[in-house]
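Architecture at a glance
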Amino acid sequence: TRSGPIMAVEEKFLRFHGLLVPKETHDLESLKFALNFAFKDNDVVAVTYPKSGTIWMQEILPLLLNKGDLTPLQTIPNWDRVPWLEEKRLALIEDQLPTPRAMVTHFPYHLMPPSLHTSKAKVIYVMRNPKDVLVSSYYFHQMAAFLQDPGTFDEFLTTFLEGKVLFGKWTDHVKSWRHTDLGDRIMFITYEEMVQDLPAALRRLSEFLGCNLSDQVIQKIAEHCSFKMMKKNPMSNFSLVPSQYMDSSKSPFLRKGVAGDWKNHFSSEQLVKFSSVIKKELENEYSSLPWSL
């Protein structure tokens, strides 16, 4: 019966402005806190649809903003180093964040607090090929006890396309952030660019944030933000999370960190179905995206 998974969804998620958010990390207090959050002029927020490079940005941003000082990376878990705007933790640690503050969020544009518009805070939107997002999300659902069971890959593909997943449809999220009135305060970067040439991506980010870092510092940051280093770092790989919440024996949280793994998962029928839905929903956006879907 279909009531099983639907029941699980109601048990594990809150509905917030039509979006599903996990109760484990969010409550109405934390969501209200996010809606009223006071951004400062020198704040930076990295925006991602889930499984698009959030953890990577939590690694990169402190190092860019503090000119390559590794201390936070080695001493502070990533969820306190660069907290989520909408999660329960932020209210507890807001006062301890160094200036300039870095945060991450999965919110669509219309849910961002008014202070984003009145301040000069900068936004980095990280996009990832949605086929890889789907694959990554599928494995995450298998290991995260606070998410619903994904079923088969084929079933999850349908769930994903219907937007019955964390933070709704991928296409809605992308569209909401592609047309903002933030002007030169928003920068778009892709997960694939970062995989392909991390130092070049770091240089772009550094320029956008006005960090003026030397090539030497950029190289150092690139080395410490490689997937291999992150996977080894207990402050970054979620191994500190008890296994009743995240079971790494089912799938490690940081799994592969590659681009194009979808090719090992999609059948040709699934590819046709996925691409046609995404293409139709993105309409005019489609041609300006960096991947051929």
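Per an unreviewed UniProt entry, the chain goes by Sulfotransferase and derives from Tetraodon nigroviridis. If you open the UniProt record of the chain and go to Sequence similarities (unreviewed entry), you find "Belongs to the sulfotransferase 1 family." In its Subcellular location (unreviewed entry) section, UniProt records this for the chain: "Cytoplasm".

A count of helical and extended segments in the chain gives 15 helices and six strands. In the chain, once contacts between residues fewer than 6 apart in sequence are set aside, the share between residues at least 24 apart is 71%. Per element, the accessible surface of the chain, about 13400 Å² overall, is 54% carbon and sulfur.

Okay, the nonpolar core next. Of all hydrophobic cores here, the largest spans 55 residues; its most connected members are F39, F107, L116, W170 and W177. Residue contributions to this core peak at six residues, all from helix 8 (residues 130-143). Those residues in contact with L116 that sit more than four places away from it in its chain are F39, V45, Y109, A121, V123, W177, L182 and R185. In terms of nonpolar packing, the next biggest core, distinct from the first, is built from 37 residues, I55, M57, L73 and I124 among them.

The set of residues buried in helix 2 (residues 28-35) consists of S30, L31 and A34. The arc that holds every buried residue of helix 2, seen down its axis, measures 100°, which confines them to one face. Of the residues in helix 2, the exposed ones pointing more than 90 degrees away from the buried face are L28, E29 and K32.

Bringing the sheet that holds strand 5 (residues 122-127) into the picture now. On the basis of which strands lie adjacent, the open sheet formed by four strands has the order 4-3-5-6 and parallel pairing. If you trace the sheet from one side to the other, it starts and ends with strand 4 (102-105) and strand 6 (186-190), each paired once. On average, each strand axis in the sheet is tilted by 20° relative to the strand beside it, whichever way the strands run. Where strand 3 (residues 44-48) meets strand 5, five bridges bridge the pair, whose relative direction is parallel. From the neighbouring strand, T48 faces strand 5, where its bridge partner is V126. Set on the sheet, helix 10 (residues 170-178) makes contact with strand 3, strand 5 and strand 6; between it and strand 5 the angle comes to about 145°.

Before going further, it helps to spend a moment on the environment of L97. Structurally, L97 can be placed in the loop between helix 6 (89-93) and strand 4. Sequence spacing of L97 and V82 is 15 residues, and the spatial spacing of their C-alpha atoms is 8.3 Å. L97 has contacts with D80, R81, P83 and L90, leaving out every residue within four places of it along the chain.

Moving on: the packing of helix 8 against helix 9 (residues 153-161). Between helix 8 and helix 9, the least distance of the axes is 10 Å, while the angle of their chain directions is 115°. Once helix 8 is placed against helix 9, the crossing between them reads as right-handed. Note on element contacts: helix 9 touches helix 8 through F153, F156, L157 and F160, opposite P130, V133, L134, V135, S137, Y138 and H141. Its residues assigned to classes, the contact of helix 8 with helix 9 comprises nine nonpolar, two polar and no charged.

Attention now moves to the side chain of T54. Summarising the element assignment, T54 is placed in helix 3 (residues 54-65). In this structure, T54 is in contact with T48, W84, V104 and H106, ignoring residues within four places of it in sequence.

A word on helix 12 (residues 198-209). Three or four residues apart is the spacing at which side chains of an α-helix point the same way, because the helix has 3.6 residues per turn. The end-to-end C-alpha distance of helix 12 is 16 Å, a good match for the 16 Å that 12 residues give at a rise of 1.5 Å each. All of the buried residues along helix 12 are L198, P199, A201, L202, L205, S206, F208 and L209. Residues of helix 12 that are buried in the fold lie against strand 3, helix 3, strand 5, strand 6, helix 11 (191-196) and helix 13 (215-224). The N-cap residue of helix 12 is D197: its side-chain oxygen and the backbone nitrogen of A200 are 3.2 Å apart. The first or second residue beyond helix 12 is G210, which carries a positive phi of 70°.

Procedures and definitions
- Residues numbered from 1 in each chain as written.
- Predicted model: local features only at pLDDT ≥ 70, side-chain atom pairs only at ≥ 80, totals over all residues.
- Heavy atoms only, no water.
- UniProt positions renumbered as here; feature names shortened; annotations may be inferred.
- Helix = DSSP H or I, 4+ residues; strand = E, 2+ residues; numbered from the N terminus.
- Contact = heavy atoms within 4.5 Å.
- Areas by Shrake-Rupley, 256 points an atom, 1.4 Å probe, with all protein chains shown as cover.
- Core = buried A, V, L, I, M, F, W, Y, C linked by side-chain atoms within 4.5 Å.
- Buried < 20%, exposed > 50% of the residue type's maximum accessible area, 1.4 Å probe, protein only.
- Arc of directions from axis to C-beta.
- Pairing = 2+ DSSP bridges.
- Axes fitted to C-alpha atoms, helices over the stretch in contact; angles between N-to-C directions.
- Left-handed = near helix turned anticlockwise from the far one by under 90°.
- Nonpolar A, V, L, I, M, F, W, Y, C, P; charged D, E, K, R; others polar.
- Expected span 1.5 Å × (residues − 1).
- Polar contact = N/O pair within 3.5 Å; in protein donor to acceptor, adjacent residues only side chain to side chain.

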